[in-house]
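Architecture at a glance
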Amino acid sequence: MNPKMFCYQCEQTAGCSGCTGARGVCGKDAHVAALQDQLTGALIGLARASDGHEVTESTHRVMLEGLFTTITNVCFDAQVVQRQIDAVHAEKESLLPGCSGCASPCSHNADYDMEQLWNEPDVDIRSLKSLLLFGLRGMAAYAYHARVLGYTDEEVNNFFYRGLFAVGEDADMEYLLPLVLEAGRVNLKCMELLDRANTETYGTPQPTTVPLTIEKGPFIVVSGHDLFDLHALLEQTKGRGINIYTHGEMLPAHAYPKLKAYPHLKGNFGTAWQNQQKEFQDIPAPVLFTTNCLMPPRANYADRIFTTEVVAYPEMVHIGEERDFTPVIEKALELGGYSEEHPMTGINGGTQVTTGFGHGTILSVADRVVEAVKAGAIRHFYLVGGCDGARPGRNAYTEFVKNTPKDTVILTLACGKYRFNDLDLGEIGGLPRLMDMGQCNDAFGAIKVATALAEAFGCGVNDLPLTLVLSWYEQKAVCILLSLLYLGIQNIHIGPTLPAFISPNVLNLLSEKFHLTPCGEQELRNWDQLDCKIGQ
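Residues numbered from 1 in each chain as written. Predicted model: local features only at pLDDT ≥ 70, side-chain atom pairs only at ≥ 80, totals over all residues. Heavy atoms only, no water.

Quick notes on the overall build of the protein chain
Basically, it comes down to this: Starting at the N terminus, helices and strands are each numbered in turn, a helix being any DSSP run of H or I of at least four residues and a strand any DSSP run of E of at least two. What the globule rule says is 2.2 Å times the number of residues to the power 0.38, and the radius of gyration is computed from C-alpha atoms. When a residue's accessible area, from a 1.4 Å probe over protein chains only, is under 20% of the maximum for its type it is buried; when over 50% it is exposed; and in between it is partly exposed. Should any heavy atoms of two residues lie within 4.5 Å, those residues are counted as being in contact. Note on areas: Shrake-Rupley, 1.4 Å probe, and residue coverage restricted to the protein chains presented here.
Each helix and strand counted, the protein chain has 18 helices and 16 strands in total. For 536 residues, the compact-globule formula gives about 24 Å, and the C-alpha radius of gyration of the protein chain, at 23 Å, lands near that figure. Projecting the C-alpha coordinates of the protein chain onto the three principal axes gives extents of approximately 75 × 60 × 40 Å. Across the 536 residues in the protein chain, those meeting the buried criterion constitute 62%. The long-range fraction of contacts in the protein chain, counting pairs at least 24 apart against all pairs at least 6 apart in sequence, stands at 74%. When the accessible area of the protein chain is evaluated, it comes to approximately 19700 Å², of which 50% is carbon and sulfur surface.

Printed below as a string of structure tokens:
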């Protein structure tokens, strides 16, 4: 295989243009990157094979697992990626028996060579196809999480084939741009599906204060997004004298009634994903990664990292789909945890954080919010959320939130909130100024709240006193952006850098149509320049 890689799907990509060496900034090597390209090409081949043929639940599962495997910071294990490629080929063979051994091979059902996309001479076509592909990867994660809870949607499932088919075909901008926006529409439906799956399974989130101090004794840290895995672990650790702590995007789990009912779900460990190599140093407990974001483990804690679902790293113990967490539990008992209470803080020194302000909670007090706006107590709303990352300058999001006036409300979601979620910003009329709405997929809830407020005020969403300040890192942020664009949301401020895969012409097109605005460190520090209606 080529000893050099090409990957530009995440915000930290080298030089804001692409990782092209022997190893990417995320830590995956060129061999894994090449295999992920092969996997994507095989999935496009599967999409081609599905054209005119009836796909099954097995086909959908292979499609979702394959796309999810290629998301940043999910899978670093070449053998696992190869097995996924083999599974895709086996599924295609089941759709088209004998096709692979055909004496007269054609290209109709063949795997796609991703080098054709990366070397596409028309940079705008490459840009739109990349935008579509990465959006599909992000949406696949949401569909996967809904699926493990027993929730699926045929339109969502079928769009993965349609979208990937288009990536592998000759197409012009007039065809691709509407399809990119269509991906945003379908992702909105997918996020709604996952919201329903989570709330119907675990209850409507409730405002919950979560301590950051770790109690003495054995414990397990659970990272990622998958509530089903957390629930299974909570069940298996009942009465074992082991406490459970969330990490990263798992923090909002504390707000779900069925999960918070477990007394040994104690608190949250550390801050956002990019700090794990420092925060996990010599941790006397195992860490279970259910989804991204896994970073290459350092030697001082590598023996206590466990993975499950599609997450994989060479030589790490992997928990299979039977979800028998016995190895994790035994490691927790062996390590024993801290010998005494272990204080930890948020990025700004806070000792606790609050979550659980989903759309159900906020809309239950919508009349108070509307009255506060009409009375002038609330002048403006800021939605400051999205992915966190390691790039220098992201602390500008902290300063931005600190500098917002006291008559404004901050809504947040996803792991970008760790830049400021331990701040005490006070209240307005009994409502906290800072409200954590949940995980990244809870962007659906934010959209629902904005829509309800617009109806209450008799205006459009773009006429609300609301500013969207979004930080991005990986592909789930891409599909959320596509959903916002599909809805016609104007003047979204996105940063800290622009995606390397958005060409100048595509950026100009999005800027003209949606007033999509780059928002880097300097713009964030000039917060008052963003204090505007999103429709202006």
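Some remarks on the pattern of salt bridges
Just so we agree on the cut-off: Throughout this description, the term salt bridge denotes a Lys or Arg side-chain nitrogen within 4 Å of a carboxyl oxygen of Asp or Glu.
By the definition in use, this model includes 25 salt bridges. When the shortest N-O distance is used, the salt bridge between arginine 147 and glutamate 57 registers 2.9 Å. Of this pair, arginine 147 sits in helix 5 (residues 123-148) while glutamate 57 is found in helix 2 (residues 57-69), placing the two residues 90 residues apart along the sequence. Take arginine 147: its relative accessible area is 22%, and that puts it in the partly exposed class.

Points about the packing of aromatic side chains
Aromatic rings considered in pairs are described by the distance between their centres and by the relative angle of their planes. Using the following cut-off: Note on ring pairs: Phe, Tyr and Trp rings are taken, using the six-membered ring of Trp, and paired if centres are within 6.5 Å. Classes follow the plane angle, with under 30 degrees stacked, over 60 edge-to-face and the rest tilted.
Applying the stated rule across the entire model yields 18 aromatic pairs. When the ring of tyrosine 8 is compared with that of tryptophan 118, the centres are 5.8 Å apart and the planes differ by 80°; the resulting orientation is edge-to-face. Placement of the pair is tyrosine 8 in the segment before helix 1 (30-50) and tryptophan 118 in helix 4 (residues 115-118), with a sequence separation of 110 residues. Accessibility classification places tyrosine 8 together with tryptophan 118 in one group, the buried group. Put simply, the rings of Phe219, Tyr245, Phe269, Phe280, Phe289, Tyr301 and Tyr338 pair up and form one aromatic cluster.

Let's talk about the sheet that holds strand 5 (residues 287-289)
Quick reminder of the rule: When DSSP finds two or more bridges between a pair of strands, those strands are recorded as paired. Axis lines are fitted to C-alpha atoms, over the contacting stretch for helices. Their N-to-C directions set the angle, which ranges from 0 to 180 degrees.
Read across the open sheet, the six strands follow the order 4-3-2-5-6-7; overall the sheet is parallel. In this open sheet, the two strands that pair with only one neighbour each are strand 4 (265-268) and strand 7 (317-319). Strand-to-strand twist across the sheet, computed as the mean angle between neighbouring axes with direction ignored, equals 30°. The pairing of strand 6 (residues 305-308) with strand 7 spans three bridges and is classified as parallel.

Focus on the state of the cysteines
As a reminder of what qualifies: By convention in this document, the label disulfide applies to cysteine sulfur atom pairs within 2.5 Å.
For the structure on display, the rule yields zero disulfides. No disulfide involves cysteine 10; its sulfur sits 6.2 Å from that of cysteine 19, the nearest cysteine. Free cysteine cysteine 16: the closest other cysteine sulfur is in cysteine 10, separated by 10 Å. You can call cysteine 16 partly exposed: its relative accessible area is 35%.

A closer look at the nonpolar core
Note that soluble globular proteins tend to have their nonpolar side chains buried in a common cluster. Test applied: By nonpolar core is meant a set of buried Ala, Val, Leu, Ile, Met, Phe, Trp, Tyr and Cys residues that side-chain atoms within 4.5 Å join together.
Core analysis: the biggest nonpolar cluster contains 154 residues, and Leu132, Phe160, Leu164, Ile220, Ile244, Leu259 and Ile492 have the highest contact counts within it. At 15 residues, the largest contribution of residues to this core is made by helix 5. In contact with isoleucine 244, not counting residues within four places along its chain, are Ile220, Val222, Leu230, Leu233, Leu234, Thr237, His264, Leu265, Lys266 and Gly267. In terms of nonpolar packing, the next biggest core, distinct from the first, is built from 20 residues, Phe76, Val221, Phe280 and Leu294 among them.

Here we look at helix 1
As a reminder, the rule being used: To estimate how far a helix should reach, multiply one less than its number of residues by 1.5 Å.
In this model helix 1 runs 30 Å from its N-terminal to its C-terminal C-alpha over 21 residues, within 8% of the 30 Å that 1.5 Å per residue would give. In terms of burial, helix 1 is a largely internal element, 18 of the 21 residues being buried.

Let's talk about the pairing of strand 14 (residues 466-471)
Of all the six residues making up strand 14, six are buried; the element is thus mostly covered by neighbouring parts of the structure. Across six bridges, the pairing between strand 9 (residues 380-386) and strand 14 is parallel. Bridging across to strand 14, valine 384 finds its partner in valine 469. Sheet analysis places strand 14 next to strand 15 (residues 493-495), joined by three bridges and oriented parallel. If you follow valine 469 over to strand 15, its bridge partner there is histidine 493.

Examining the environment of alanine 87
Structurally, the position occupied by alanine 87 is in helix 3 (residues 78-95). Linking alanine 87 and valine 62, residues 25 residues apart in sequence, is a C-alpha distance of 7.0 Å.

Describing helix 13 (residues 366-374)
Condition: Throughout, the arc means that of the directions going from the helix axis to the C-beta atoms.
Of all the residues in helix 13, the buried ones are Val369, Val370, Ala372 and Val373. In a view along the axis of helix 13, the buried residues occupy a sector of 160°, so they form one face of it. Along helix 13, exposed side chains directed more than 90 degrees from the buried face belong to Asp367, Glu371 and Lys374. On its buried face, helix 13 sits against strand 9, strand 12 (431-432) and helix 15 (443-457).

So, the sheet that holds strand 9
Pairing within the open sheet is parallel, and its six strands lie in the order 13-10-9-14-15-16. The open sheet is flanked by strand 13 (434-436) and strand 16 (517-518), the only strands paired with a single partner.

Brief notes about unusual backbone geometry
The amide bond that connects asparagine 292 to the next residue, cysteine 293, takes the cis arrangement and shows omega of 20°. Inspection of the secondary structure assignment puts cysteine 293 in the loop between strand 5 and strand 6. A cis amide bond links glycine 495 to the next residue, proline 496, at an omega of 5°. Backbone geometry places cysteine 16, a non-glycine residue, at a positive phi of 55°. Considering the arrangement of structural elements, one finds cysteine 16 in the segment before helix 1. Positive phi outside glycine occurs at glutamate 309, with the angle close to 60°. Looking at where glutamate 309 falls in the secondary structure, it is placed in the loop between strand 6 and strand 7. On the accessibility criterion, glutamate 309 (15% relative accessible area) is buried.

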